[in-house]
Amino acid sequence: MRILIVDDEPAMHDSYRRSFAPAAVDTGALEAMAAELFGKDDDAADPAPDTMIDFALTHAMQGLDGVAAVEAALACDEPYAVAFIDVRMPPGIDGKETATRIRKLDPNINLVIVTGYSDFSPIEIAKAAGPADKIFYIAKPFEVAEVTQMASALAHRWRGDRELAEARETLAAQVVQLQEQGHELAANESRAIHMANHDSLTEAPNRLAFRRALTDRAQLSGQFAVAMVDLDRFKLVNDTLGHLAGDELIRTICDILQTSIPAGGLVARLGGDEFGLLFDTPGAEAAEMECQRILKACTGTFKVLGNSVQGGASFGLIVTEPGETRDPTDLMRRADLALNDAKREGRGVVRLFDEGMDENIRLRRAIEGGLSQAIAKGELSLVYQPIVAREELEVIGFEALLRWNTNEHGPISPAVFIPIAEETNLIHELGDWVLGESLKVLAEWPGQYVSVNFSPRQFRRHNFVARLVETVQRAGIDPRRVQIEITETAIFDDADRAADTLYKLRQMGFRIALDDFGTGYSSLYNIRKFALDCLKIDRSFIDGMGRERESAAIVHSIIHLGHALGLGVIAEGVETEAQLQALRVAGCSHMQGYFFSRPVVQDRAREIAQARYMLDPAADDAVEPGNGTHG
């Protein structure tokens, strides 16, 4: 530890040297004396090593010499811990001025003013060379112990201050780094959200964003219009002028739509040459007039990459009625039906939806009536699709899928009757039946779990957790063999309540899977706070992996996100060897789809479960894989 002595008297320098000179201690004599006086303890530990500080002294005869020594020490990064400064040092600068200059050079040094006179008061010196907690005083003549103790204490303090300052600098740097990382993550999330909700060609909202906006608007009062727009003879532009010209025409029409939409309205590119419009309206007549005006703006001759192109469009329109049920899927379906009718009429027109366009309306009413009797009539059944692990294609679970085969209309797709059950509250009765039947098959499987889908309305049921736990306990099933599949819509509508529900279920041992991941909006923060076991990648992304860079990028991003959060990732809809290998390389932990097996009946599921592995399809003893689409 380095100490600076500034004094004009050589005798004082000799005193400092003697004070800090290491003392020769006869440790053998001391030990003998201790043994004679107190007795020898053979088991006693060796004495602690000497903790005295080794001081290196620098001597300066004048104040300016001391200032120069401090400056030189700082230049070679060997600063002094303590400086002992005499007050009177004629003919040079006095101790007060010396202390002041040294303090300006080194704010961290501890200064000790040593004097036998009272030329300056401590307050004067502290004001000039403070702060007060780094300046101290010793009167001449001093005791050796007084000087050494002062030096030792201040040296320890100086060392501690340096370590604390270094720790603070390190912490500050880490804080800055964390802030930069936080900004980068926020920017990446913002870009990801933008990409997930906007069309890459036009930067307009995409189908996902349009559907979300439609869902939000359907929950509010007042009438609004939904229009589907399709460009007329667009394929001719692509075929004759090329896809670049087609892209340019789409951008041009998108700009026109965005300029022409009523104030507050939304224009989205739904895919290909199809656009969706959403805007408020006082009624059907006003909405039709708005669409006619927009259609006129889209009709005419446009310059596209130096070529003249005749533009035109067809509109399908649906306007909500006051008090009616506003299902977003049904509204888009009806607008599509009206658009198809507009094309059949010769294109270039606006067609308002009417009930005569939709034979399915009558079928829907028949479904509503028959669904309530389906359980009693024994028309419902379950099929099971295997979920396999990545490496050895081990069957680790099955997803239970509901089927309805009516006596009157034949098989009805779940995509048709599940939304109807959701709207009419029959979903609770159906859900209870599905869960009960799913639990029965577990006794036939050697250890796999069953994955059961729960709709948003079921999940939001006030006694959802209690009913689920009671059903599983009554069946004598370990909750770890039951996986609950829920969609993003079910949990993000009320994130706090959903987080609490999922936490309770995980505490009881249930597995939780987030279904159709990537098709809804999920912030990273929300995903992190939910108690999840795995993410299920929607089949639409798997299907598009080989054709669309966006789909492949989304699949890889979801897999990496799952790894980062410690979650499993299940890819749905795997139908080809190429998809399987691509997902394996990407690190996807589990898969299901027609490549492995179609959804199968209970007996076949038992055989697959007992076989346990889906071997290479080329192997003789492999379980025969399924084939087809939409698995």
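These remarks concern the structure in this document. (Residues numbered from 1 in each chain as written. Predicted model: local features only at pLDDT ≥ 70, side-chain atom pairs only at ≥ 80, totals over all residues. Heavy atoms only, no water.)

1. Brief notes about the overall build of the chain
Scanning the chain from terminus to terminus reveals 23 helices and 21 strands. Every one of the 631 residues in the chain was classed for burial, and the buried ones make up 44%. Taking contacts inside the chain between residues at least 6 apart in sequence as the whole, the part at least 24 apart equals 70%. For the chain, the accessible area works out to roughly 32,500 Å², and carbon and sulfur atoms hold 52% of it. (Helix = DSSP H or I, 4+ residues; strand = E, 2+ residues; numbered from the N terminus. Buried < 20%, exposed > 50% of the residue type's maximum accessible area, 1.4 Å probe, protein only. Contact = heavy atoms within 4.5 Å. Areas by Shrake-Rupley, 256 points an atom, 1.4 Å probe, with all protein chains shown as cover.)

2. Quick notes on the packing of helix α3 (residues 63–75) against helix α4 (residues 95–105)
Interaxial distance between α3 and α4 falls to 9 Å at its minimum, and their mutual angle equals 10°. Judged by the angle between their axes, α3 and α4 are roughly parallel. Taking contact as the criterion, the partners of Gly63, Leu64, Gly66, Val67, Val70, Glu71 and Leu74 in α3 are, on α4, Thr98, Arg101, Ile102 and Leu105. Class assignment for the residues of the contact of α3 with α4 results in six nonpolar, three polar and two charged. (Axes fitted to C-alpha atoms, helices over the stretch in contact; angles between N-to-C directions. Parallel < 35°, antiparallel > 145°, perpendicular 65-115°, else oblique. Nonpolar A, V, L, I, M, F, W, Y, C, P; charged D, E, K, R; others polar.)

3. Here we look at the packing of aromatic side chains
Applying the stated criterion to the full structure yields nine aromatic pairs. Note on Tyr16 and Phe84: the rings are 5.6 Å apart at their centroids and 50° apart in plane angle, and the pair reads as tilted. Of this pair, Tyr16 sits in helix α1 (residues 10–20) while Phe84 sits in strand β3 (residues 82–86); the two residues are 68 residues apart in sequence, bridging distant segments of the chain. Among the aromatic residues, those joined into a ring-pair cluster are Tyr16, Phe20, Phe55 and Phe84. Residue placement shows Arg511 over the ring face of Tyr449; its charged tip is 4.1 Å from the ring centre. (Phe/Tyr/Trp six-rings, centres within 6.5 Å; stacked < 30°, edge-to-face > 60°. Lys NZ or Arg CZ within 6 Å of the ring centre and 35° of its normal.)

4. With respect to the sheet that holds strand β6 (residues 224–231)
Reading across the sheet, the five strands line up as β7-β8-β6-β11-β12 and stay open at both edges, with mixed pairing between neighbours. What marks the edges here is a single partner per strand, and that holds for β7 (266–271) and β12 (350–352). Taken pair by pair, the neighbouring strands of this sheet meet at an average axis angle of 20°, ignoring direction. Across the face of the sheet, helix α9 (residues 243–260) comes into contact with β6, β7 and β8 (274–280) while running at roughly 5° to β8. Across the face of the sheet, helix α10 (residues 284–298) comes into contact with β6, β8, β11 (313–319) and β12 while running at roughly 165° to β11. (Pairing = 2+ DSSP bridges.)

5. Some words on empty space enclosed by the protein
On inspection of all chains with the given rule, the structure shows two cavities of 30 Å³ or more. If you add up the space inside the second largest cavity, you get close to 30 Å³. Around the second largest cavity sit Leu231, Asp232, Leu249, Ile253, Gln310, Gly311 and Gly312, which together line it. Listing elements by their share of the lining of the second largest cavity, those giving two or more residues are α9 and β10 (307–311). Considered class by class, the residues forming the lining of the second largest cavity number three nonpolar, three polar and one charged. (1 Å grid on protein atoms, 1.4 Å probe; cavity = no way out; pocket = protein on both sides within 12 Å on 5 of 7 lines; lining within 4 Å. Points joined across faces, edges and corners; volume = space filled by probe spheres on them.)

6. Considerations on unusual backbone geometry
For the bond running from Pro90 to Pro91, omega is 5°, close enough to zero to count as cis. With respect to the element layout, Pro91 can be found in the loop between β3 and α4. Of note, the phi angle at Glu203 is positive, near 65°, even though the residue is not glycine. One can find Glu203 in the loop between α6 (144–197) and α7 (207–218). Of note in this structure, Asp516 is not a glycine but carries a positive phi near 55°. Residue placement: Asp516 occurs in strand β18 (residues 511–517).

7. Comments concerning the side chain of Ser455
By secondary structure assignment, the location of Ser455 is in the loop between β16 (449–453) and α15 (456–459). Overall, Ser455 belongs to the buried group, its relative accessible area being 10%. Excluding anything up to four places from it in sequence, Ser455 contacts Glu422 and Ile427.

8. Quick notes on the nonpolar core
By size, the foremost hydrophobic cluster in this structure holds 80 residues, and its most contacted members are Leu502 and Leu583. Looking at this core, the element that brings in the most residues is helix α14 (residues 427–441), giving six residues. The contact partners of Leu502, leaving out residues within four places of it in the chain, are Phe459, Ile486, Ile491, Ile512, Phe530, Ala531 and Leu532. Counting residues in each nonpolar core, the second largest holds 33 residues, with Val237, Cys254, Val267 and Cys291 among its members. (Core = buried A, V, L, I, M, F, W, Y, C linked by side-chain atoms within 4.5 Å.)

9. Points about the state of the cysteines
Here a disulfide denotes one covalent bond, and it connects the sulfur atoms of two cysteines. Per the counting criterion, the structure on display carries zero disulfides. Among the cysteines around Cys298, which has no disulfide bond, Cys254 carries the closest sulfur, lying 10.0 Å off. For Cys298, a relative accessible area of 0% corresponds to the buried category. (Disulfide = S-S within 2.5 Å.)

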